[in-house]
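As a plain string of letters, each chain reads:
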Amino acid sequence: MFNKTEASVVFNNVCLNERMLPEYIYIFYFSHYLFFDFLRIEMNVFFILFVLFPVAEPSYQIIDSGLDDLWEGFKTKFEKKYDTPIIEVQRRLIWERNFRHVIFHNREADKGMQTFWLGINEYADMNGHEFVAMKNGLKPRNLTSHKPKLTFVDTDVNDLPVEVDWRNEGYVTEVKNQGLCGACWAFSATGSLEGQHFKKTNDLISLSEQQLVDCCTDHDVNNAMTVSSSDFVVFGNNLDKPSACAICFEGNQGCSGGIMDSAFECIKDRGGIMSEIDYPYEAKNGHCDFDRSKVVAKCTGHVALKSGSEEALQKAVATVGPISAGIDAGHYTFILYSHGVYKSEDCSPRRLDHGVLVVGYGTEDGTDYWLVKNSWGKIWGMDGYVKMARNYKNMCGIATQASYPLV
C-alpha cells in the first residue's frame with residue numbers, strides 16, 4: 001500500500017523512491033479493435049491486463065483503491081470534473097498508469113540512469129495521443145513551396161558565453177498557457193518577436209497570440225475581407241486581390257496548428273501585431289478583429305536557421321536573442337517532465353509537433369542543455385520551462401526548424 005506522506009511528494013515534483021511501489025497489481029488498459037480471424041469481425045474492446053498479482057489473496061479490482069486519496073487530491077488540485085462515472089474511471093486508469101511511470105522513471109533517475117525527473121501534473125489523466133492532438137500544433141515546413149529567403153548559417157561558436165539566459169536581460173515575458181488549442185506556433189512566434197522588439201525599443205510587451213490564431217490562417221483571404229478597408233494598405237490597397245495570403249500564411253490553421261515562419265510573414269503583411277491586452281487570448285478559433293491603429297510591434301520578415309545545426313542555434317541564441325524552434329514533444333516523458341535535463345532516445349529530430357522558444361543555454365552537472373520556454377502554463381516543468389539536452393543528436397529536433405523575426 002502507498003504511504004500517504006511519501007506518495008504526496010509526487011505532486012511537488014520530487015522523485016519517489018522504491019518503497020512507494022504498491023502491493024497491488026500493476027494495471028494497464030487499452031481500447032482498440034481486436035480482430036478474430038476465425039470470426040472475421042471487429043469488436044471494440046475495453047481490455048484489462050493484470051501483469052502482477054499478490055502472492056496471497058489475489059485482487060481483481062479495476063482500480064487501485066490504495067491511490068484513492070491521491071486521486072482525490074489530484075482532482076482537487078487541478079479542478080478536475082468528469083461528465084460521467086465511466087469517464088472518471090477511464091481517466092483514473094490513465095492517471096494510475098502515468099503515476100507508475102513517474103515512480104519507475106524517477107527511481108532510475110535517482111540511480112543516475114536518467115538525467116531528468118517526472119512529476120504528476122494537470123495532464124496526467126490524458127493519453128499521449130489525445131494530448132498531442134489538443135496541444136501540439138506545429139506544422140512542418142514545406143520547403144518545396146516555402147523556401148526561406150534568409151538563412152542563418154553562422155556556426156562559429158568560439159568566444160560565445162558559456163551560459164545565456166535572456167530572461168535575466170528582460171527579453172522574455174511571463175510563461176503563458178495555450179489551453180486546449182494547438183496554437184503553440186503562435187506562442188513561439190510572439191515570444192521571439194517580444195524579445196526582438198525589446199532588443200530594439202527596450203520595451204517588453206506581451207503580444208497577441210489570438211490575433212495570429214484568428215487572422216493568420218491559410219484561408220486568410222476570407223478573414224482579411226472582414227477588416228476595415230484602411231487595413232488593406234499593407235496589401236497594396238487592392239480589395240480584389242488582397243494578397244497572396246494562402247502562400248504567406250501556408251500551414252496556419254489556428255487551433256489546428258501552424259508554422260512560426262508563416263506567423264512572422266503574417267505580422268509583416270498585416271502591418272504589425274496588437275498587444276495581448278487589446279486582443280486577449282481565448283484558446284479557440286475566432287473572427288479576425290485586427291485593428292491596425294492598435295499595433296504595438298512590427299515585423300519586417302524572418303530568418304531561418306541552418307536546419308539541424310546546433311552550432312547555428314547556439315550562435316543565434318547568444319547573439320540575436322530568444323529563438324523560435326520546433327520539437328518532438330509527443331512523449332509521456334516530456335508531457336510529465338518535472339526537472340533536470342531532458343534526454344530521450346525516443347525523441348525524433350524530424351517528426352516535429354510542437355513550437356517552443358529557446359531563451360538560453362548552459363551546462364548542468366556536466367550535461368549541456370538548451371533553456372526552453374513552453375506554453376503549457378507555469379505548473380508544467382520548471383515553472384513552465386524545460387532544460388533539453390544540447391549537443392546531443394539534435395535532441396527532439398530542436399535545431400531542425402528554428403527561426404526568428406526581423407524588426
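Residues numbered from 1 in each chain as written. Predicted model: local features only at pLDDT ≥ 70, side-chain atom pairs only at ≥ 80, totals over all residues. Heavy atoms only, no water.

This next bit is on the packing of helix α2 (residues 68-77) against helix α3 (residues 85-110). In contact at an axis separation of 11 Å, α2 and α3 are set at 105 degrees when each is read in the N-to-C sense. In terms of axis orientation, α2 runs roughly perpendicular to α3. Every residue of α3 that contacts α2 at Asp68, Leu70, Trp71, Phe74 and Lys75 is listed here: Glu88, Arg91, Arg92, Trp95 and Phe99. (Axes fitted to C-alpha atoms, helices over the stretch in contact; angles between N-to-C directions. Helix = DSSP H or I, 4+ residues; strand = E, 2+ residues; numbered from the N terminus. Parallel < 35°, antiparallel > 145°, perpendicular 65-115°, else oblique. Contact = heavy atoms within 4.5 Å.)

Here Asp64 is to be found in the loop between β2 (41-50) and α2. Side chain to side chain, Asp64 and Arg100 meet in a polar contact 2.8 Å long. (Polar contact = N/O pair within 3.5 Å; in protein donor to acceptor, adjacent residues only side chain to side chain.)

Where helix α5 (residues 184-201) meets helix α9 (residues 260-270), the axes come as close as 9 Å, and the angle between the chain directions of the two elements is 60 degrees. Of the possible angle classes, the one that applies to α5 and α9 is oblique. Read as a crossing pair, α5 and α9 show a hand that is right-handed. Along the contact surface, α5 presents Trp185, Ser188, Ala189, Ser192 and Leu193, while α9 presents Met260, Ala263, Phe264 and Ile267. (Left-handed = near helix turned anticlockwise from the far one by under 90°.)

Looking now at the pairing of strand β11 (residues 354-364). The element β11 is extensively covered by neighbouring structure, given that 9 of its 11 residues are classed as buried. Where strand β5 (residues 164-165) lies against β11, 2 bridges are found, and the strand directions are antiparallel. Looking across to β11, one finds that Val164 is bridged to Tyr361. As defined by bridge partners, strand β9 (residues 323-327) adjoins β11 across 5 bridges and the pair is classed as antiparallel. In the strand pairing of β11, Ser324 is matched with Leu357. With 7 bridges joining them, β11 and strand β12 (residues 367-373) adopt antiparallel strand pairing. The residue bridging Val358 from the neighbouring strand is Val372, located in β12. Where β11 hands over to β12, the hairpin turn is made up of 2 residues, of which Asp365 adopts a positive phi near 50 degrees. (Buried < 20%, exposed > 50% of the residue type's maximum accessible area, 1.4 Å probe, protein only. Pairing = 2+ DSSP bridges.)

It is worth stressing that arrangement in space is one thing and function is another; only the former is reported here.
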